[in-house]
Amino acid sequence: MARAPLTGRALRLARLSGHGDGRLLLVPLDHSVSDGPVTTAAGFGGLIRDIVDGGADGIVVHKGRARLIDPEMFTTCSLVVHLSASTALGPDSNAKVLVGDVEEAVRLGADAVSVHVNIGADTEPAQLMDLGTVAAACDRWSVPLLAMVYPRGPRLTGTVSPEQVAHVANVAADLGADVVKTVFAGPVERMAEAVAASPVPILVAGGAADGQNPADFARTALAAGCRGLAVGRRVFSSRTPGRVVRELADIVHGPAGTPDSLPSRHMAGVM
């Protein structure tokens, strides 16, 4: 049976996974807004080169930073423009606000956009509204949407549960996200249940560079059925970021990342 013609959104989703296997390794570098510089100004270009040469599928940056990156880097690596922000210096670091829009990202040549939402934050209603607004613009411009959604706020204490992960993933899917980035909530069997409850692919956030072996973390995430990783700090905090990316890319796109049966209205059959 002939395949239906690809839409602009589907084409961009296909480009996100350069390996064509429906799995993703993204390297977020939006931390320069939230926490401060990820490297020196002079060293930023080298960091990007290491990430690209290491085999990352995409880089997540804010719009201004995207203009400072050599366009050649995006011939083999996708550009994801992050549209929301807060800082660790502000009164509430969980209060994300929009600082860009989809049209700006399209003009920059982005393959996708991302929005951060903290479910449980005092400003959750405004963040949900922002997510809906961006999702509607993504529909108009035929641009994929990555939602970075976390159970995070003053009334959420203790370890994040798989039930909370399943909840926030479904919030993102119901409001229009194509892919969800969220935290891993073990054990593996319980995280697998959260993944199975999500109608869109889940990427696991890499978390802080806390000494845990990134390769072991990656294998655990894939064992739970996640479609890949979004790893920032573990990459740019490393003395050898290219080596870290290469190791993770080999795991994500190797036998350990064999596609699971998770249905996806966007990624399955496209990449």
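Everything below is about the structure shown above.
Source: prediction; values computed, not measured.

**Digging into helix α7 (residues 162-174)**
For α7, which comprises 13 residues, the first-to-last C-alpha distance of 18 Å matches the rise-based estimate of 18 Å (1.5 Å per residue) to within 8%. Among all positions of α7, only P162, V165, A166, V168, A169, V171, A172 and A173 are buried. Within two residues after α7, G176 carries a phi angle of roughly 115°, on the positive side.

**Here's the deal with the packing of helix α9 (residues 214-223) against helix α11 (residues 241-252)**
The contact between α9 and α11 brings their axes to 10 Å, and the two run at 20°. By the angle between their directions, the pair α9 and α11 is classed as roughly parallel. Crossing of α9 over α11 shows right-handed handedness. Residue-level inspection shows P214, A215, A218, R219 and L222 of α9 in contact with α11, the latter providing E247, L248, I251 and V252. Partitioned by chemical class, the residues of the contact of α9 with α11 number seven nonpolar, no polar and two charged.

**Digging into the pattern of salt bridges**
This model, assessed by the stated rule, comprises 13 salt bridges. Here D139 makes a salt bridge to R9, at a shortest N to O gap of 2.5 Å. Within this pair, whereas D139 is found in helix α6 (residues 124-141), its partner R9 is found in helix α1 (residues 8-16), the two being separated by 130 residues in sequence. Residue classification places R9 among the buried positions, given a relative accessible area of 11%. Linking E104 and K63 is a salt bridge whose minimum nitrogen-to-oxygen distance equals 3.1 Å. Of this pair, E104 sits in helix α5 (residues 102-107) while K63 sits in helix α4 (residues 63-66); the two residues are 41 residues apart in sequence, bridging distant segments of the chain. According to the relative accessible area criterion, K63 is partly exposed, its value standing at 25%. Residues joined in a network through salt bridges with shared partners are R9, D139 and D178.

**What to know about the side chain of H82**
Looking at the secondary structure, you find H82 in strand β3 (residues 78-82). A distance of 3.3 Å separates the side chain of H82 from the backbone oxygen of S84, its partner in a polar contact. A polar contact of 2.6 Å, which involves the side chain of H82, links it to the side chain of S114. Residues contacting H82, with those up to four places away along its chain left out, are D30, V60, V61, H62, S114, V115, H116 and M148.

**Points about the nonpolar core**
Ranked by size, the top nonpolar core spans 83 residues in total, and within it L29, I51, V113, L145, M191 and L229 carry the most contacts. The biggest single contributor to this core is α7, with seven residues. In contact with I51, other than residues within four places in its own chain, are V27, L29, A56, I59, V235 and V245.

**Notes on the sheet that holds strand β1 (residues 24-28)**
The strand order around the closed barrel built from eight strands is β1-β2-β3-β6-β7-β8-β9-β10, with neighbouring strands paired in parallel fashion. Here the average twist between neighbouring strands, direction ignored, is 30°. Pairing geometry for strand β6 (residues 112-119) and strand β7 (residues 145-151), over seven bridges, is parallel. Bridge pairing links H116 to M148 in β7.

**Thoughts on the pairing of β7**
Within β7, seven of the seven residues are buried, leaving the element largely enclosed by the surrounding structure. In this view, the connection linking β6 to its parallel neighbour β7 by way of α6 has right-handed handedness. Here β7 pairs with strand β8 (residues 179-182) via three bridges, running parallel. Its bridge partner lying in β8, A147 is registered against V180.

What counts and what doesn't
- Residues numbered from 1 in each chain as written.
- Predicted model: local features only at pLDDT ≥ 70, side-chain atom pairs only at ≥ 80, totals over all residues.
- Heavy atoms only, no water.
- Helix = DSSP H or I, 4+ residues; strand = E, 2+ residues; numbered from the N terminus.
- Expected span 1.5 Å × (residues − 1).
- Buried < 20%, exposed > 50% of the residue type's maximum accessible area, 1.4 Å probe, protein only.
- Axes fitted to C-alpha atoms, helices over the stretch in contact; angles between N-to-C directions.
- Parallel < 35°, antiparallel > 145°, perpendicular 65-115°, else oblique.
- Left-handed = near helix turned anticlockwise from the far one by under 90°.
- Contact = heavy atoms within 4.5 Å.
- Nonpolar A, V, L, I, M, F, W, Y, C, P; charged D, E, K, R; others polar.
- Salt bridge = Lys/Arg side-chain N within 4 Å of Asp/Glu carboxyl O.
- Polar contact = N/O pair within 3.5 Å; in protein donor to acceptor, adjacent residues only side chain to side chain.
- Core = buried A, V, L, I, M, F, W, Y, C linked by side-chain atoms within 4.5 Å.
- Pairing = 2+ DSSP bridges.
- Right-handed = clockwise from strand over helix to strand, strands pointing away.

Any functional reading would require information beyond the geometric quantities listed.
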